Amino acid sequence: MELAIHTFVWTDGQDGQSLELAMEQASAAGYRLIEFPGVDRRKVDIDRLAKHADELGIRILASAGLSPEYDVSSDDPSVVRRGEAFLLEAIGIARDLGSAQMSGPMFSAHQKFGTMPTQQGWETSVGVLSRVADKAKQAGVALCLELVNRYETNLMNTAQQGLAYIRETGSDNIYLHLDTFHMNIEEDDPAQAIRLAGDRIGYFHVGESNRGNLGSGTINYEPIFDALVDIGYSKAIGIEAFANRGCGDWLKAICAIWRENWSDGDAFARYSRTFVEMKWAEAQRRADGYRAA
């Protein structure tokens, strides 16, 4: 298991300078993985960012999300074509940043929840992602589809739906990206959902129910970490939270960050690393105890 932290802990990452600073702060807090938001090659120097990551000894994990103009579940073929082209460009950026994965809710537009999902939208999305996954595999980038809650997408919200989606794509290069914040809303039993998804989990986010400090909300972490240990999860666990001062109002509105849950990104990063490492170690000890009994 490796720990990652999202740039959103410090900044919305819309320019190269803020991304470089976030990498430096993540490294200083003891992380060797940092998750980037979707970045625009026209606005940032990808090669410079990759070089700076190497200098810091930190690896970048890429992510991508879709605005309505790139919705690959749209009924409008022109929108779907733009979305597919956008995802292919994002894969190239992920590759050039040195990321072996691209995560996020890339199967539909983010915040598409005001209408019922359609079978046509599902099938269109499956078709696009099956093609994109083939191109991503050639680039050495695995796709990790983030399952977000019903207030952010209507297409799919649970691990069971995600597994069905992957089966329909027929791809061996598509995985699930699970997130405790969203699972707390959508899954009947988050630990069981983890066990159900098993080796199809490509990335895992830890986030509190109130988007605040880990342990300050209602999420029961013990069974979640027990399940991760039980399935032999060995990939990255990412910590996602949103800075009240460093992130733009556009991002706060998208993710409904209406109040300040914490103010010091550096302190949050250090505390979160300690919290997750402690929960992971406790789960390992419990598993060892069960095996010895």
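A short tour of the structure in this document, coming up. (Residues numbered from 1 in each chain as written. Predicted model: local features only at pLDDT ≥ 70, side-chain atom pairs only at ≥ 80, totals over all residues. Heavy atoms only, no water.)

Here's the deal with the overall build of the protein chain
When you go through the protein chain residue by residue, the secondary structure sums to ten helices and eight strands. Against the globule reference of 19 Å for 293 residues, the protein chain gives a C-alpha radius of gyration of 18 Å, in line with a compact fold. Expressed as lengths along the three principal axes of its C-alpha atoms, the size of the protein chain is roughly 55 × 45 × 40 Å. Every one of the 293 residues in the protein chain was classed for burial, and the buried ones make up 56%. Across the protein chain, contacts joining residues at least 24 apart in sequence account for 77% of those joining residues at least 6 apart. Computed over 29 positive and 42 negative side-chain charges, the separation of the two mean positions in the protein chain equals 2 Å. (Helix = DSSP H or I, 4+ residues; strand = E, 2+ residues; numbered from the N terminus. Rg over C-alpha atoms; globule rule 2.2 N^0.38 Å. Buried < 20%, exposed > 50% of the residue type's maximum accessible area, 1.4 Å probe, protein only. Contact = heavy atoms within 4.5 Å. Lys, Arg positive; Asp, Glu negative; His and termini not counted. Charge placed at Lys NZ, Arg CZ, Asp CG, Glu CD.)

Regarding the packing of aromatic side chains
Within this structure, the stated rule accounts for nine aromatic pairs. Ring centres 4.3 Å apart and planes at 20° place the aromatic pair W262 and F268 in the stacked group. Summarising the burial analysis for this pair, W262 and F268 share the class buried. Each member of the aromatic cluster is reached from another via a ring pair, and the members are Y221, F225, Y271, F275 and W280. In this structure, R200 packs its charged tip against the face of Y175, placed 4.2 Å from the ring centre. The aromatic ring of F181 is capped on one face by R211, whose charged end is 3.6 Å from the ring centroid. (Phe/Tyr/Trp six-rings, centres within 6.5 Å; stacked < 30°, edge-to-face > 60°. Lys NZ or Arg CZ within 6 Å of the ring centre and 35° of its normal.)

Overview of the packing of helix 7 (residues 190-197) against helix 8 (residues 221-230)
The contact between helix 7 and helix 8 brings their axes to 8 Å, and the two run at 15°. In terms of orientation, helix 7 and helix 8 fall into the roughly parallel class. Helix 8 is crossed by helix 7, and the crossing has right-handed handedness. For the pair formed by helix 7 and helix 8, the contact residues are P190, A191, I194 and R195 on the first element and P223, I224, D226, A227, L228 and D230 on the second. (Axes fitted to C-alpha atoms, helices over the stretch in contact; angles between N-to-C directions. Parallel < 35°, antiparallel > 145°, perpendicular 65-115°, else oblique. Left-handed = near helix turned anticlockwise from the far one by under 90°.)

Observations concerning the packing of helix 4 (residues 119-138) against helix 5 (residues 159-169)
Between helix 4 and helix 5, whose axes approach to 9 Å, the crossing angle comes to 60°. For the element pair helix 4 / helix 5, the angle class is oblique. Note on packing geometry: the crossing formed by helix 4 with helix 5 is right-handed. Two secondary-structure elements touch here, helix 4 through W122, S125, V126, L129 and S130 and helix 5 through Q161, A164, Y165, E168 and T169. For the contact of helix 4 with helix 5, the class distribution of residues is five nonpolar, four polar and one charged. (Nonpolar A, V, L, I, M, F, W, Y, C, P; charged D, E, K, R; others polar.)

Side note on helix 2 (residues 46-56)
When helix 2 is considered as a whole, its buried residues turn out to be I46, L49, A50, H52 and A53. Along the long axis of helix 2, the arc covered by the buried residues comes to 160°, so they all point the same way. Helix 2 presents D47, R48, K51, D54 and E55 as exposed residues on the side facing more than 90 degrees away from its buried surface. Packing partners of the buried residues in helix 2 comprise helix 1 (16-28), strand 3 (59-63) and helix 3 (77-96). For helix 2, the N-terminal cap is D45; the gap from its side-chain oxygen to the backbone nitrogen of D47 is 3.2 Å. Just downstream of helix 2 lies G57, where phi reads positive at about 70°. (Arc of directions from axis to C-beta. Polar contact = N/O pair within 3.5 Å; in protein donor to acceptor, adjacent residues only side chain to side chain.)

A few points about the sheet that holds strand 2 (residues 33-35)
Spatially, the eight strands close up into a barrel ordered 1-2-3-4-5-6-7-8, and their pairing is parallel. Taken pair by pair, the neighbouring strands of this sheet meet at an average axis angle of 30°, ignoring direction. Bridge count between strand 4 (residues 101-104) and strand 5 (residues 142-146): four bridges; the pairing is parallel. Within the sheet, the bridge partner assigned to G104 lies in strand 5 and is L145. (Pairing = 2+ DSSP bridges.)

Here we look at the pattern of salt bridges
Tallied over the entire structure, the rule returns 18 salt bridges. Ionic pairing is found between R41 and E89, a salt bridge with its closest N-O pair at 3.3 Å. Here the residue R41 occupies a position in the loop between strand 2 and helix 2, and E89 occupies one in helix 3, the gap between them amounting to 48 residues. Among the ionic pairs, R150 bridges to E186, the shortest N-O distance being 2.9 Å. Of this pair, R150 sits in the loop between strand 5 and helix 5 while E186 sits in helix 6 (residues 180-186), and the two are 36 residues apart along the sequence. Residue classification places E186 among the buried positions, given a relative accessible area of 11%. Overlapping salt bridges, with partners in common, bring together R41, E89, R95 and D96 in one network. (Salt bridge = Lys/Arg side-chain N within 4 Å of Asp/Glu carboxyl O.)

Observations regarding the pairing of strand 6 (residues 174-179)
Among the six residues that make up strand 6, six are buried, leaving the element largely enclosed by the rest of the structure. Neither face of strand 6 is exposed, since I174, L176 and L178 on one face and Y175, H177 and D179 on the opposite face are all buried. Pairing of strand 5 with strand 6, which is carried by four bridges, proceeds in the parallel orientation. Bridged to E146 within strand 6 is H177.

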